[in-house]
2 protein chains.
Amino acid sequence: NTSNRLGFESDNSGEVKLKAINPTTQKELPETFVAATEQEVNKAVQKAQEAWKVYRSTSGTQKAQFLRTIASEIEGLGEQLISRACKESGLPSGRITGERGRTCGQLRLFADLVEAGHWVDAVIDPALPDRKPNPRVDIRRMLQAMGPVVVFTASNFPLAFSTAGGDTASALAAGCPVIVKAHPSHLGTNALISEAILRAAQKCGMPDGVFSNVQDASYAVGTQLVQHPDVKAVAFTGSMRGGMALHKAAMERSEPIPVFAEMGSTNPVFIMPDLLKGDAQKVAQQVTDSVNLGAGQFCTNPGMVLVLDDDYTATFVKSLASTFAEKEASTMLNEGIFKSFEQQKNAFLQEDAVEVTYISPVEKSAWKGFPAVATTTGRALLHNPKLHEEVFGPFTLVIKCKDLSEMKAVASELHGQLTATILGPEEKLIKWNDLANILQEKVGRLIFNGLPTGVEVGYAMQHGGPFPATTDSRFTSVGTDAIKRFARPIAFQNCPDGMLPAALKTNNPLNLVRTVNGEIAQH
Amino acid sequence: NTSNRLGFESDNSGEVKLKAINPTTQKELPETFVAATEQEVNKAVQKAQEAWKVYRSTSGTQKAQFLRTIASEIEGLGEQLISRACKESGLPSGRITGERGRTCGQLRLFADLVEAGHWVDAVIDPALPDRKPNPRVDIRRMLQAMGPVVVFTASNFPLAFSTAGGDTASALAAGCPVIVKAHPSHLGTNALISEAILRAAQKCGMPDGVFSNVQDASYAVGTQLVQHPDVKAVAFTGSMRGGMALHKAAMERSEPIPVFAEMGSTNPVFIMPDLLKGDAQKVAQQVTDSVNLGAGQFCTNPGMVLVLDDDYTATFVKSLASTFAEKEASTMLNEGIFKSFEQQKNAFLQEDAVEVTYISPVEKSAWKGFPAVATTTGRALLHNPKLHEEVFGPFTLVIKCKDLSEMKAVASELHGQLTATILGPEEKLIKWNDLANILQEKVGRLIFNGLPTGVEVGYAMQHGGPFPATTDSRFTSVGTDAIKRFARPIAFQNCPDGMLPAALKTNNPLNLVRTVNGEIAQH
């Protein structure tokens, strides 16, 4: 029986037993996992709270070593991890191997970030004792960890958005202990990664409770975690329903706390007729590849393709039908996601003014995402709010707008999105500048001549966006700025140098880039 | 009849008439103000939404000119403004004159900030076409305005936290149109300042709708504003009850939006026995002055004073009784605040284990804050949650702890606070480092050898703190970083240089400090 990990302790006193299911075979995997009890959840949070008192002021160098050791420990799991993650997710080993690279790269990027230390955004307004009419007192501010963070692992990225994914990496980097609520679809993957994190914590002398991992297949454990008074923030990537349930629970606490829920989007792609004129077939292939990537189970697969209704578009739609027909259906992550995709896809196809362009025949016995593409009009989108909903899986809706003005009207009615994309000949893009301005109001990331799938983990990335894409558009869940979700500013007024955190001491022992008197001061 | 201002239009078609009351005379002031109707509120928001489309990309230089012109227009109101604000608030003219200076200084500080432009936090990860295994695409990110902002003016700062106060200044600086819901206590002051803002908007060619002002004495207008789908953020300074009602309304929207509510705190002051040994009388005077500043109606007046229970403390408490006795009661802001103070103060004094140290005799006919100081024990605070509540007015509670360990236990049980303060001989402060560490977990600003009243408007200020001090500890409502509340990051991927905002163009036409490849690049 695989236990819950409450810091360095294991506990499996619970009576509810869980099994992961292989979506390819639709059979239970043999290993048994024990759901966490209420007492175990309390213990995990209590340990996190104790650990926080030490971990919040652990140096950047030590946190960096911890994060890098986690990456090495994950790599050390070797083929065992790849094989387990494939079995639990139905994803091919190439994808999982790539995702492991991304996960470890992400951990190392956050290690670099906290080792450099500039992220704490140190700002110093030195005393001005002679200022008139009143002297100015010395004030110094920096970001500090907020407290224990709960991370819900995502179904669609068993490594990169899961147990040691971007949320955990950024929270640990900020100085927050993490309690992971494992996704029931990949309990074995989660257990392996949890052990790797805990081995790293022990090797690096991190406090007991800096990381815990609790298992559950119901909502009980998650709800208890979000409502626990010592939990200070929550990170979640998944469905709108799941994200909003957590958000509501967090807001109903006597002390409301932030829930960073990334709830996906339709990622509309706008295509200029000048591009389709020459390249309809090539563009159709690129769109088809992006829609079908990961069986359409990314937050960023394009679920809407907006075009003008002309002859080039007719060719483009025909091409889409044939490029979609060449796609093989892939196993989806779990039965729930498969069923939901089939139901949502079919509901879309039955809406008025929606025409099926291509639908892959369904094998009844498989949990596969059978690709489909459909066509509708800008007018239909303006009048039918259902057509704005996300269909999670390999499906996209081509929206034929009668002119640019209707296309802009549709753009103005879009929900908040993680991304929007404009494809067109480089020299002609400027003609759609008005559209680009409308889209800026709707998105976290505006893409030109690329596709939304593939989210670079860097300094400039914004993976977020206005509601309902996320619950807080001011933060990102990918890239270095994700750390900002878990820290808050503290100002020290007239504090003796010996009591200041290193980042704020006058002689700048950490060699940070700081803002002094409103000016950036390089060391 | 003084109208609501819906952008550059005036409207007073409403049937509900309002009058401001002079708290000193307890009489209505003669001028009549008209409450906004539902249609007027909708029009104000609609105009703000239209204005946003232009104002969001107005240059830093133009916004700076607008903010500076507002400051000049306010100064141009001269004695008329001072006299009206004194009549409506009961505050003395020296205080109002000082507050006008702060308000105009704040507007000019935000002007400097947006003129310099660095606040948009431009981050550029240039393309790496030769990177292996995958090329990196060009991504650039900056902060952009979120949309129309609703500002509720505060009762206790009729200028600095009101119509053209820090919330309005920072929202306009960010590029967000503002709709002000005026506080019913100072309708005349609000009308004067609104006219000044609108004159500045017209002089500077700002779009109609960049500022509106609606009046009301009920909750109807405020609730309608918070629930309007085009409103994207709310700022509020006031009571816990008011702030949480707005927060709840904002969270129950189909699209939740952030409410930045600064709801005050008890601002505990911890005093080392070594300080009282020599200086009990002087410290008592300083504490008494800070408690009574502005009739105790600041967010930062110290409502708790923590000391060790020894002979020095006995002297200190005696001194407090005499320094408090020398304070004259001042008129409070309005009848509601006066009544609530009397009721809360008396409730505190009747709690078990609370002893009255000094209470000023009450004149039945005046709405004055009659100062009081009381004493209790650390033990009582640990067992009676009521003693943690804020009493808004000139009252403080001295808490005698039996030893440092009990004092730390009390510190650990504190609610979230805007500030905490440690007073002690400079060379001995380090002895209380553990206490300082506990307090960091509780506050936005930690003060040494100063008092919490007096919030510097600078780059390093953090005026915020964990709940219930505010609804979001990651932001400040005073100082330049207040602008961050009203902006969100947008990333541009592979965007043609001609379509990028100036802040992100490759040749850096605005001369901004930007982060390039993760390193700060100075111009």
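Structure: above.
Model, not experiment: these values are computed from the prediction.

Parameters and conventions
- Residues numbered from 1 in each chain as written.
- Chains lettered and ligands numbered in written order.
- Predicted model: local features only at pLDDT ≥ 70, side-chain atom pairs only at ≥ 80, totals over all residues.
- Heavy atoms only, no water.
- Phe/Tyr/Trp six-rings, centres within 6.5 Å; stacked < 30°, edge-to-face > 60°.
- Helix = DSSP H or I, 4+ residues; strand = E, 2+ residues; numbered from the N terminus.
- Buried < 20%, exposed > 50% of the residue type's maximum accessible area, 1.4 Å probe, protein only.
- Lys NZ or Arg CZ within 6 Å of the ring centre and 35° of its normal.
- Contact = heavy atoms within 4.5 Å.
- Buried area = accessible area lost by both parts, 1.4 Å probe.
- Salt bridge = Lys/Arg side-chain N within 4 Å of Asp/Glu carboxyl O.
- Polar contact = N/O pair within 3.5 Å; in protein donor to acceptor, adjacent residues only side chain to side chain.
- Nonpolar A, V, L, I, M, F, W, Y, C, P; charged D, E, K, R; others polar.
- Pairing = 2+ DSSP bridges.
- Core = buried A, V, L, I, M, F, W, Y, C linked by side-chain atoms within 4.5 Å.
- Expected span 1.5 Å × (residues − 1).
- Least-squares fit on C-alpha atoms with pLDDT ≥ 70 in both.

*Asks:* Which residues make up the packing of aromatic side chains, and what are the values?
*Replies:* Scanning the model with the defined rule gives 15 aromatic pairs over all chains in all. Ring centres of Tyr55(A) and Phe66(A) lie 6.3 Å apart, and the angle between their planes is 90 degrees; on these two criteria the pair is classed as edge-to-face. Separated by 11 residues along the polypeptide, Tyr55(A) in helix α1 (residues 38–55) and Phe66(A) in helix α2 (residues 60–76) bring together distant segments of the chain. Taken individually, Tyr55(A) and Phe66(A) each receive the classification buried, so the pair is uniform in this respect. Pairing Phe152(A) with Phe236(A) gives two aromatic rings, centres 6.3 Å apart and planes at 70 degrees, and the pair type is edge-to-face. Taken together, the residues span a long stretch of sequence, with Phe152(A) in strand β9 (residues 149–152) and Phe236(A) in strand β12 (residues 233–237) at a distance of 84 residues. Of the two residues, Phe152(A) and Phe236(A), neither departs from the other in class, the shared state being buried. Aromatic ring contacts, followed pair by pair, group Phe260(A), Phe475(A), Phe486(A), Phe260(B), Phe475(B) and Phe486(B) into a single cluster. Positioned over the ring face of Phe157(A) is Arg95(A), at 4.6 Å from the centre of the ring.

*Asks:* Give me the interface of chain A and chain B: which residues, what numbers.
*Replies:* The interface of chain A with chain B comprises 71 residues on the first partner and 71 residues on the second. Counting each side, the surface lost to burial between chain A and chain B is near 5900 Å², with a carbon and sulfur contribution of 55%. On the chain A side of the interface with chain B, the three residues burying the most area are Arg474(A), Gln493(A) and Met499(A), jointly 13% of the side's total. Scanning the region where chain A abuts chain B turns up 6 salt bridges. Across the pair Asp481(B) and Arg141(A) runs a salt bridge whose closest N-O atoms are separated by 3.3 Å. Connecting chain A to chain B are 36 residue pairs in polar contact (both at pLDDT 80 or more). Residue assignment for the side of chain A that touches chain B shows that the elements contributing at least two residues are α1, β7 (123–125), β8 (139–145), α8 (240–251), α14 (433–440), β22 (443–448), β23 (487–493) and β25 (519–522) of chain A. The element that contributes the greatest number of residues to the side of chain A that touches chain B is β23(A), accounting for 7 residues. Taken together, the residues that form the side of chain A that touches chain B break down as 35 nonpolar, 17 polar and 19 charged. Pairing geometry for β22(A) and strand β23 (residues 487–493) of chain B, over 3 bridges, is parallel. When the bridges of β23(B) are listed, Leu446(A) appears paired with Phe492(B).

*Asks:* Go over the nonpolar core with me, naming the residues and quoting the values.
*Replies:* If you look at the biggest cluster of nonpolar residues, it comprises 216 residues, and the most contacted ones within it are Phe66(A), Ile70(A), Phe270(A), Phe66(B), Ile70(B) and Phe270(B). Residues in contact with Phe66(A), not counting those within four places in the same chain, are Tyr55(A), Leu172(A), Ile197(A), Ala200(A), Ala201(A), Cys204(A), Met206(A) and Val210(A).

*Asks:* For helix α6 (residues 187–203) of chain A, give the residues involved together with the corresponding values.
*Replies:* All names here are of chain A. For α6, spanning 17 residues, the distance from its first C-alpha to its last is 24 Å, which sits close to the expected 24 Å at 1.5 Å a residue. The buried fraction of α6 is high, at 13 of 17 residues. Two residues or fewer after α6 comes glycine 205, characterised by a positive phi angle close to 65 degrees.

*Asks:* Which residues make up the relation of the copies chain A and chain B, and what values go with them?
*Replies:* Of the transformation placing chain A onto chain B, the axial shift is 0.0 Å and the rotation is 180 degrees, giving an RMSD of 0.0 Å. Taken together, these values place the two copies in the relation of a two-fold axis. Minimal C-alpha separation from the rotation axis in chain A is found for Met251(A), amounting to 3.8 Å. A high fraction, 100%, of the interface residues of chain A reappear at the interface in chain B, so the copies pair face to face through one surface.

*Asks:* I'd like a description of the pattern of salt bridges, backed by residues and values.
*Replies:* Residues and elements named next belong to chain A. On inspection of all chains with the given rule, the structure shows 62 salt bridges over all chains. Taking the shortest distance from any N to any O, the salt bridge between glutamate 75 and arginine 108 comes out at 2.8 Å. Taken together, the positions of glutamate 75 in helix α2 and arginine 108 in helix α4 (residues 93–116) put the pair 33 residues apart, joining distant regions of the chain. Judged by relative accessible area, arginine 108 falls into the partly exposed class, the value being 29%.

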